[in-house]
Every structure is written in C-alpha cells, then in structure tokens.
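Understanding the architecture of this molecule
Spelled out, the chains give:
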Amino acid sequence: MQPKILLDKTRFDITLKRLCHQLIEVHNDFSETVIIGLQPRGIFLARRIQKELQSILKNKKILLGELDTTFYRDDFRKKELIPNRTNIDFIIEDKNVVLVDDVLYTGRTIRAGLDAMLAFGRPKDVELLVLVDRRWSRNVPIQAKYIGMTIDSISTQNVRVEWKEVDGKDKVTLLDK
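Bear in mind the structure is a predicted one, so any value in this text is a computation, not a measurement.

By the secondary structure assignment, Asp-170 is in the loop between helix H4 (164–167) and strand S8 (171–176). Judged by relative accessible area, Asp-170 falls into the buried class, the value being 5%. Here Arg-48 takes part through its side chain, which lies 2.7 Å from a polar atom of the side chain of Asp-170. In terms of polar contacts, Asp-170 uses its side chain to reach the backbone amide nitrogen of Lys-164, at 2.9 Å. Every residue in contact with Asp-170, bar those within four places of it in the chain, is listed here: Asp-8, Lys-9, Phe-12, Asp-13, Arg-48, Glu-162, Trp-163 and Lys-164.

Set out below in structure tokens:
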C-alpha cells in the first residue's frame, strides 16, 4: 500500500511557524524558557523551532539542549537501543522547559525524558511540543500542550517524519507496517 502523505513541505513549514507563534504567545521573549529536543529525531524539530523563533524574535538567543533518554527508558534492557549524545550546557533550575519530540505515541520516550532532564536541575514548568500526536496509543498519561497535527492511527501503522537535514526532504507520512 502507498504511504499516505500527512504533511507535505508546504504544510510542514506552515505547521512549524504556527507552533512557534503559539510558543511566543506563552513564553514572550524566552528569557525564562529553554528548549530541549529528545534524541534521536526530536532534536531536528527542536533546532528548527529555535531557528524560527530567533528569526521571529530578531536573533534573540534561545537556549537549546539535546537530551538522550536511552538509559532512562523502561524498555532499555528488552531491546537493542543505541545511545545518542546529550548536549545541554545550561542549568534548567527554575526555568520553563519546552520538551520537544517529533512523534508522541506511547509516551514512554517523553516519560524517560522527564526523568533524564532532572540531572540538569528542577524546572519551574515543563511543556511538551510534538509535531505529530498519535493520540490512541498511550501507555502513560502524557499529553502535549503544543501539537503540529493529531492523527488517529492503529498499531499496525507507522508515522514517518522526514527531515531535510538527514532525509533530504521535509515530509510526514503514514505507512502500513
């Protein structure tokens, strides 16, 4: 079966801009807010969000970190996981944190990210931003505040987010496994 295109390049760009404007409505100039992207693919969304925000806010420096959750996952002994790099060179103590991932599915990666994040301080508040919310498949009670798009899919389907930085194009598709 042919993959169904959920977001083409044009809608992808519009969705990113909308998410950035929603963030600005809540966080103003980002002086008390940091962005943390979850490895491996949430970092591409986090970098794009940071770049777009800095463009809109006229080069305001917005702190961006990249967080590996591998050893905080509850399934890390059950399947082969490849660790990524954590790169957070700031403290999140008493800051607002926008945690970023590409797809919210079971919620397990986000739960692991919440645990891993505490090594860098205790934030004042944590909000979740995702490009795609697969809302029917949660294993843990986690909900995103900022959502690019919500889809209803079944467990035999896969959501694939492609990033021009690594995949050559920006696109989101729904595939049957």
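Here is the key point about a regular strand: its side chains alternate between the two faces of the sheet. Of all nine residues in strand S4 (residues 96–104), nine are buried; the element is thus mostly enclosed. The sheet contact formed by S4 and strand S5 (residues 125–134) spans eight bridges and is parallel. Within the sheet, the bridge partner assigned to Val-103 lies in S5 and is Val-132. Taken together, S4, helix H3 (residues 108–117) and S5 form a β-α-β motif whose crossover is right-handed.

Moving on, we get to the pattern of salt bridges. Following the criterion strictly, the structure yields twelve salt bridges and no others. Of the charged contacts in the structure, one is a salt bridge between Arg-48 and Glu-165, with a shortest N-O distance of 2.8 Å. Here Glu-165 lies in helix H4 and Arg-48 lies in helix H2 (residues 42–56), a separation of 117 residues in the sequence. Linking Asp-152 and Arg-135 is a salt bridge whose minimum nitrogen-to-oxygen distance equals 2.6 Å. You can see Asp-152 sitting in the loop between strand S6 (146–151) and strand S7 (157–162) and its partner Arg-135 sitting in the loop between S5 and S6, a full 17 residues away along the chain. Overall, Arg-135 belongs to the partly exposed group, its relative accessible area being 42%.

This next bit is on the pairing of S5. Burial of S5 is extensive: eight of the ten residues sit out of reach of the surface. Direction of pairing for S5 relative to S6: parallel, over a ladder of five bridges. From the neighbouring strand, Arg-134 faces S6, where its bridge partner is Ile-151.

Pairing within the open sheet is parallel, and its five strands lie in the order S3-S2-S4-S5-S6. The sheet is open, and its two borders are formed by strand S3 (64–67) and S6, each paired with just one other strand. Adjacent strand axes in the sheet meet at a mean angle of 25° when their direction is disregarded. Packing of H2 onto the sheet brings it into contact with strand S2 (33–38), S3, S4 and S5, and relative to S2 it is tilted by some 150°. The strands touched by H3 within the sheet are S2, S3, S4 and S5, with S4 carrying the most contacts at an inclination of about 150°.

Ordered by their spatial adjacency, three strands build an open sheet running S1-S8-S7, and the pairing between neighbours is antiparallel. Each edge of the sheet is formed by a strand with only one pairing partner; in this case those strands are strand S1 (4–7) and S7. Across this sheet, the average inter-strand angle for adjacent strands is 30°, counted without regard to direction. Across six bridges, the pairing between S7 and S8 is antiparallel. Bridging across to S8, Val-161 finds its partner in Val-172.

How two aromatic rings sit relative to each other is set out by the distance from centre to centre and by the angle between their planes. For the structure on display, the rule yields two aromatic pairs. For the ring pair Phe-12 and Trp-163, a centre distance of 5.2 Å and an interplane angle of 85° mean the geometry is edge-to-face. You can see Phe-12 sitting in helix H1 (residues 9–27) and its partner Trp-163 sitting in the loop between S7 and H4, a full 151 residues away along the chain. A residue is classified by how much of its surface remains accessible, and Trp-163, at 0% relative accessible area, is buried. By the ring-pair criterion, three or more aromatic residues cluster together here, those being Phe-12, Phe-44 and Trp-163. One residue, Arg-134, lies across the ring of Tyr-105, its end atom 3.9 Å from the ring centre.

Conventions adopted
- Residues numbered from 1 in each chain as written.
- Predicted model: local features only at pLDDT ≥ 70, side-chain atom pairs only at ≥ 80, totals over all residues.
- Heavy atoms only, no water.
- Helix = DSSP H or I, 4+ residues; strand = E, 2+ residues; numbered from the N terminus.
- Buried < 20%, exposed > 50% of the residue type's maximum accessible area, 1.4 Å probe, protein only.
- Polar contact = N/O pair within 3.5 Å; in protein donor to acceptor, adjacent residues only side chain to side chain.
- Contact = heavy atoms within 4.5 Å.
- Pairing = 2+ DSSP bridges.
- Right-handed = clockwise from strand over helix to strand, strands pointing away.
- Salt bridge = Lys/Arg side-chain N within 4 Å of Asp/Glu carboxyl O.
- Axes fitted to C-alpha atoms, helices over the stretch in contact; angles between N-to-C directions.
- Phe/Tyr/Trp six-rings, centres within 6.5 Å; stacked < 30°, edge-to-face > 60°.
- Lys NZ or Arg CZ within 6 Å of the ring centre and 35° of its normal.

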